Each structure stands twice: as C-alpha cells, then as structure tokens.
Amino acid sequence: MAAARRTQALRLYRALLRESQAFASYGYRTYAIRRIKDAFRENKNISDSTEIETLLNKAKTNLEIIRRQVTCSLPIEYLHRSCKSWNYTIWSNCLKVSLIPMGSVP
Amino acid sequence: MWVLRQAPRRVWRVFQARRLSGPAQQGGKSNDEESALRPLYMDVQATTPMDPRVLDSMLPYLVHFYGNPHSRTHAYGWESESAMEKARKQIASLIGADPREIIFTSGATESNNIAVKGIARFYKSRKKHIITTQTEHKCVLDSCRALEAEGFQVTYLPVKKNGIIDLKDLQSAIRPDTSLVSVMAVNNEIGVIQPVSDIGRICSSHKIFFHTDAAQAVGKIPLDVNEMKIDLMSISGHKIYGPKGVGAIYVRRRPRVRVEPIQSGGGQERGLRSGTVPTPLAVGLGAACELAQQEMEYDHKRISLLADRLVTKIMAEVPDVVMNGDPENRYPGCINLSFAYVEGESLLMALKDVALSSGSACTSASLEPSYVLRAIGTDEDLAHSSIRFGIGRFTTEEEVDYTVKKCIQHVKRLREMSPLWEMVQDGIDLKSIKWTQH
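- The name recorded for chain B in an unreviewed UniProt entry is Cysteine desulfurase, from Anolis carolinensis.
- Looking at chain B in UniProt, the text filed under Catalytic activity (unreviewed entry) is "L-cysteinyl-[cysteine desulfurase] + L-cysteine = S-sulfanyl-L-cysteinyl-[cysteine desulfurase] + L-alanine".
- Among the UniProt annotations of chain B, the heading Cofactor (unreviewed entry) holds the following wording: "pyridoxal 5'-phosphate".

- The name recorded for chain A in an unreviewed UniProt entry is Complex 1 LYR protein domain-containing protein, from Anolis carolinensis.
- As its UniProt record puts it under Sequence similarities (unreviewed entry), chain A is described as follows: "Belongs to the complex I LYR family."

If you want it as structure tokens, here you go:
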C-alpha cells in the first residue's frame, strides 16, 4: 500500500513538473515549478494515510488546472513576440487579427 | 506505446520553454529579439498578475454558467447564486467574518466610497465629524473632500516620521460627534502597517465606527475583523492575484453598522450595492482569497527573503539610500527607497527594462512628489528621488538580482553626471547653498 502510494506520488510529482514547464509566462512557470518542489519536499515525511490521500487528490486537481492553464496561456504570449517570428504570423492569422500597419502592406 | 506518443510532445514543450524563457534566462540574444521582450514586472502594488488557479475557477462562469445570480426562477440563476455564495464564504473566512457581512463591489475605491460617504450620510443628523489620516489612498481623501463640501468636518491626522499615526493624536482628535475613523491597514506607497488593533480598540471604546482600507493588506498579513474590532473593511481583487473590476466591503452586522447606499437600483447585496453581481469576477475574488489564505505563510516567507535580498544588496553598493517608512512595522513586499542626488523620474527612464513606479499608479502621471512622502516629512529633494519596488508571488530571485544590478549601475551613472553629487563629494553642505534665480 505504502509502496503504491509512493509510486503514485512520484508519478504525480513528475507530471506536475513536466506540465509546468510549458507555461509560456516566465513568472507562472518558475512559480509553479518552485511551488511544486517546495510542497512535495514539505510533505515528504507525512505518514497519516488519510492526509496523504487528501494531498494526492489536491495534486491531481492542480495537475488538471496546470494542463488547462498551459493551453490557454499560450496564444496571448505569442502575440507579444517580435513581428518577424513565424509563430506571430501564424497566430495572428488564426485569430484573424491583422496587427500589421496599413502602410507596410505591399 | 506511451513513449512513442509522449516523446515528441515533450521535446516540443522543452523547445517551447527554451524559446519563450524569460529575460533573466536569456544570455546572448540579439538586440532585436531583446527589444521585443517586455520589461520585468516589479510594480505589484499597482496591480498583480492573475493567478492561473484563479482564472481556472472563473472560466466556467464566463462561458458555461452564465445565469444571473439574482434570478430565482430557474437553474441558471441558482447555480450562479451558489457560486457567488461560495465566493462570499471564501472571502469571509479569510478575514474571520460571517459570509452575510460581505458585500461585492467593483473594487476598493467603491468600497471606500460606500464606507466613508455611506456612514457619514447615514448618521449625519447627529454626527458631523470624520477622522482620517494624511497618508490615505486618494479615494478616501477625495471622499472626505466631497463630504467637507456637504458640511461635514474632517480631521486629517498627521503621521510620524515612520509613517505610522500617533495614537495620542487620534485620542485627542475624537469628538462627541465623530462618526467614523478611517485608517488604512497597509500603505500603498511605503508599505507601513498601521496599528489596526489599537485603533479598533480606541474606536470601540468611544463607540465610533472604524473603517480600514485593507486593499494592500488582505491576504498578505493576517487580519481578523473581530479580534481587531474592525467595523468596515475594503478589499480589492486585483491586488491579491484576482481579477480586476471586483472588490468587496465587509460591513459588521453585530453591533449593526448602517450605511446609506450610494447606488440606487434593484436592491441587490442587501440594498447596499445595487447592480447584478458579476459572477465570474466574484468567483475569481473568492478563489483568490482562498489561495491567499493557503499561501499566506509561504508567500510571506519568500517575499521577505527577496525583499531582504534587494534592500541589502542596494544598500551595500550605493551610499545615501534612504528607506521610507518604518523599518519594522511594514509589509516586506513594498519597498520605497529614496536615492539622494538622483532624480526619480530619470532613474525610472533609465530602468526602462524594469516596470517600476515612483509611487501610486493613480498619481504616476504627474511629476509632483508623492503626498505620502511629504506627509512623513521627507525632504523635497528626497521625495523627488523615490522609487517603489514591489515584490509579489511571481517575482523570482533572478528578477530581483537584475533589478538590483541595473539600479546600482544607473544610480552610479546618474550621480556621476550630477553637479550636486560632485559638490557633496567635495564636502559642501547642499542646504547651505544660496540658490539665485536668473
């Protein structure tokens, strides 16, 4: 039982860190990684099984939140990139917005 | 199978993460690419970025659950209402209040208006006097000005050199017809914490209502409305990693505090603030409060660490730096430093890759020195050279180090150009100079 929980916790830890890497915003990304590491380190010695269960459920909820937020935080960040980068054009086409000044259109 | 499916995605993500990494991690990038990056954000007293967890809680109410929370006749209304009530509970739990004492507003400005004008106008037949301080936020001071035009008398308490009010001044300012004392908990410009509990005790012993503007304090320092004897408290969403355009006011029920509403309408929020409550924003504020409660200790520890790092590094490298406000009774995330012999605006211009401000955002358009700094008795020249550094949940060590590095570099450069600095180095007392006008 304990071994199974340990594997589950480690799997969640790795998944959380992996997903957090994809936050486009520097502040969110570093915060998420730091917070996850600190939380797991803080709780590593907990032995009460109900408490572990609650924490694992919390981790699962947070993993889902990170997955959702990573996907919806991408496009905005792309728009702030330089006009010359390829993804800017792709995303501006996707969003049907043209931020290119009128005069520069050949 | 898992490896096959996952591997390309992981590689892509790592690639993305490298591409999009922040300024602090970007070493030898070309100038062209660097100019496209946005400055570092070190102005969290103006507003904070929204926490992704807050946005996540709001999203369903922006698209799926769109009912009017005040609709009583169908399920769309009920689900929005229950979300709104949950948010109310989350806010109340953060400040130790009852959910029924929380009223949703559009922000701390509206909350302050309701508190100051509402109390004064409700009790105007018997009580005509209000006490506040000189370092309050503009919206409290301006509400008081409006009341003065209506015939009320307002005492603007001075503050001591450290930015904290003298309780003896408060005691002596109290009159039999005083209806309200309004003192902010954490100052937005210099970060000092006022002795809220002591003020609350004085007010309750004189049976005067006590309002505190806690926009910068809620979720950052522990607050309890019953322990601190607070009767009204203003809360803002966008200062605690929540959405902009929402706030709340706590209005005590027992003993009952009566307020004259400012806005007339459908009688929502017990008639104190008519108008449909924006469910997604209220949900966001609730989530931000719950998070703040969970993370307060963690955030506070980290912010103190970063603030210490910033202050000690700057103080060690640059002479003649003054920290405005009390060094002990303060919220560590708000640091106001005056760099003598350097003009604050030119330093802000030089530090264009760091988003900073010389004081509150409301007055940042004018070149006047901050009225808060003048109130604490800062000399005119030092008040002109102040900069506010804000450290928040998402600030990193790298950002602090970069800011410190740039700050030291530019202060030294600007001082070398300054004739005043040269005179000081030659041992001339600047105060002894007789300036002549040409």
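**Concerning the sheet that holds strand S9 (residues 321-323) of chain B**
All names here are of chain B.
Turning to step 1, where the next piece is worked out: Spatial ordering of the open sheet is given by S9-S10-S12, a layout of three strands whose pairing is antiparallel. Edge positions in the sheet fall to S9 and strand S12 (386-390), since each of these pairs with one other strand and no more. Across the sheet, the mean angle from the axis of one strand to that of its neighbour is 30 degrees, orientation sign disregarded.
Turning to step 2, where the next piece is worked out: The sheet contact formed by strand S10 (residues 334-339) and S12 spans five bridges and is antiparallel. The residue bridging Leu337 from the neighbouring strand is Ile387, located in S12.

**A closer look at the pattern of salt bridges**
Turning to step 1, where the next piece is worked out: By the definition in use, this model includes 23 salt bridges over all chains.
Turning to step 2, where the next piece is worked out: Across the pair Asp56(B) and Arg68(A) runs a salt bridge whose closest N-O atoms are separated by 2.7 Å. Of the two residues, Asp56(B) is situated in helix H3 (residues 52-63) and Arg68(A) in helix H3 (residues 49-79); the pairing between them involves two chains.
Turning to step 3, where the next piece is worked out: The salt bridge partner of Asp401(B) is Arg309(B), with a shortest N-O separation of 2.7 Å.

**Topic: the state of the cysteines**
Residue and element names in this part refer to chain B.
Turning to step 1, where the next piece is worked out: Overall, the coordinates contain zero disulfides over all chains when judged by the stated rule.
Turning to step 2, where the next piece is worked out: Free cysteine: Cys289, not disulfide-bonded; nearest cysteine sulfur from Cys139 at 18 Å.
Turning to step 3, where the next piece is worked out: Judged by its relative accessible area of 0%, Cys289 is buried.

**Some points on the nonpolar core**
Turning to step 1, where the next piece is worked out: In this structure, Ile95(B), Leu232(B), Met233(B), Ile314(B), Phe339(B) and Phe389(B) are the most contacted members of the largest nonpolar core, which totals 114 residues.
Turning to step 2, where the next piece is worked out: Broken down by element, this core gets its largest block of residues, 13 residues, from helix H9 (residues 279-317) of chain B.
Turning to step 3, where the next piece is worked out: Two domains share this core, each providing at least three of its residues, namely domain 1 (52-291) and domain 2 (296-427) of chain B.
Turning to step 4, where the next piece is worked out: If sequence neighbours within four positions are ignored, Ile314(B) has contacts with Val321(B), Leu337(B), Phe339(B), Phe389(B), Val404(B), Cys407(B) and Ile408(B).
Turning to step 5, where the next piece is worked out: Formed by 19 residues, the second largest nonpolar core is a distinct cluster that contains Tyr28(A), Tyr31(A), Ile36(A) and Tyr241(B).

**Regarding the UniProt feature "domain: Aminotransferase class V" (unreviewed entry) in chain B**
Turning to step 1, where the next piece is worked out: Here the UniProt-annotated "domain: Aminotransferase class V" (unreviewed entry) positions come out as residues 41-402 of chain B.
Turning to step 2, where the next piece is worked out: Within residues 41-402 of chain B, the helical portion is 38% and the strand portion 14%, while the C-alpha atoms at the span's ends are 11 Å from each other.

**Description of the sheet that holds strand S2 (residues 102-105) of chain B**
Residues and elements named next belong to chain B.
Turning to step 1, where the next piece is worked out: An order of S2-S8-S7-S6-S5-S3-S4 is seen for the seven strands of this open sheet, with the pairing classed as mixed. Looking at the sheet topology across the chains shown, the edges are occupied by S2 and strand S4 (153-157). Averaged over neighbouring strand pairs, the angle between their axes works out to 20 degrees when direction is ignored.
Turning to step 2, where the next piece is worked out: Taken together, the four bridges between strand S3 (residues 129-133) and strand S5 (residues 178-182) define a ladder with parallel strand orientation. Bridging from a neighbouring strand, Ile131 pairs with Val181 of S5.
Turning to step 3, where the next piece is worked out: Packed onto the sheet, helix H5 (residues 108-122) meets S2, S3, S5, strand S6 (209-213), strand S7 (232-236) and strand S8 (247-251) and runs at close to 160 degrees relative to S7.

**Some points on empty space enclosed by the protein**
Turning to step 1, where the next piece is worked out: Tallied over the entire structure, the rule returns two cavities of 30 Å³ or more.
Turning to step 2, where the next piece is worked out: If you add up the space inside the largest cavity, you get close to 120 Å³.
Turning to step 3, where the next piece is worked out: What lines the largest cavity is a set of 13 residues, among which Gly219(B), Lys220(B), Tyr241(B), Asp299(B) and Tyr331(B) lie closest to the centre.
Turning to step 4, where the next piece is worked out: Counting contributing residues per domain, the lining of the largest cavity is built from domain 1 (52-291) and domain 2 (296-427) of chain B, each supplying no fewer than three.
Turning to step 5, where the next piece is worked out: In this model, the second largest cavity occupies a volume close to 40 Å³.
Turning to step 6, where the next piece is worked out: Tyr31(A), Arg34(A), Tyr298(B), Asp299(B), Arg302(B), Ile303(B), Gly392(B) and Arg393(B) are the residues that line the second largest cavity.
Turning to step 7, where the next piece is worked out: Secondary structure elements with two or more residues in the lining of the second largest cavity: helix H2 (26-42) of chain A together with H9 of chain B.
Turning to step 8, where the next piece is worked out: Here the residues of the lining of the second largest cavity are counted per class, giving three nonpolar, one polar and four charged.

Rules of the game
Residues numbered from 1 in each chain as written. Chains lettered and ligands numbered in written order. Predicted model: local features only at pLDDT ≥ 70, side-chain atom pairs only at ≥ 80, totals over all residues. Heavy atoms only, no water. UniProt positions renumbered as here; feature names shortened; annotations may be inferred. Pairing = 2+ DSSP bridges. Helix = DSSP H or I, 4+ residues; strand = E, 2+ residues; numbered from the N terminus. Axes fitted to C-alpha atoms, helices over the stretch in contact; angles between N-to-C directions. Salt bridge = Lys/Arg side-chain N within 4 Å of Asp/Glu carboxyl O. Disulfide = S-S within 2.5 Å. Buried < 20%, exposed > 50% of the residue type's maximum accessible area, 1.4 Å probe, protein only. Core = buried A, V, L, I, M, F, W, Y, C linked by side-chain atoms within 4.5 Å. Domains from an automatic or database assignment. Contact = heavy atoms within 4.5 Å. 1 Å grid on protein atoms, 1.4 Å probe; cavity = no way out; pocket = protein on both sides within 12 Å on 5 of 7 lines; lining within 4 Å. Points joined across faces, edges and corners; volume = space filled by probe spheres on them. Nonpolar A, V, L, I, M, F, W, Y, C, P; charged D, E, K, R; others polar.

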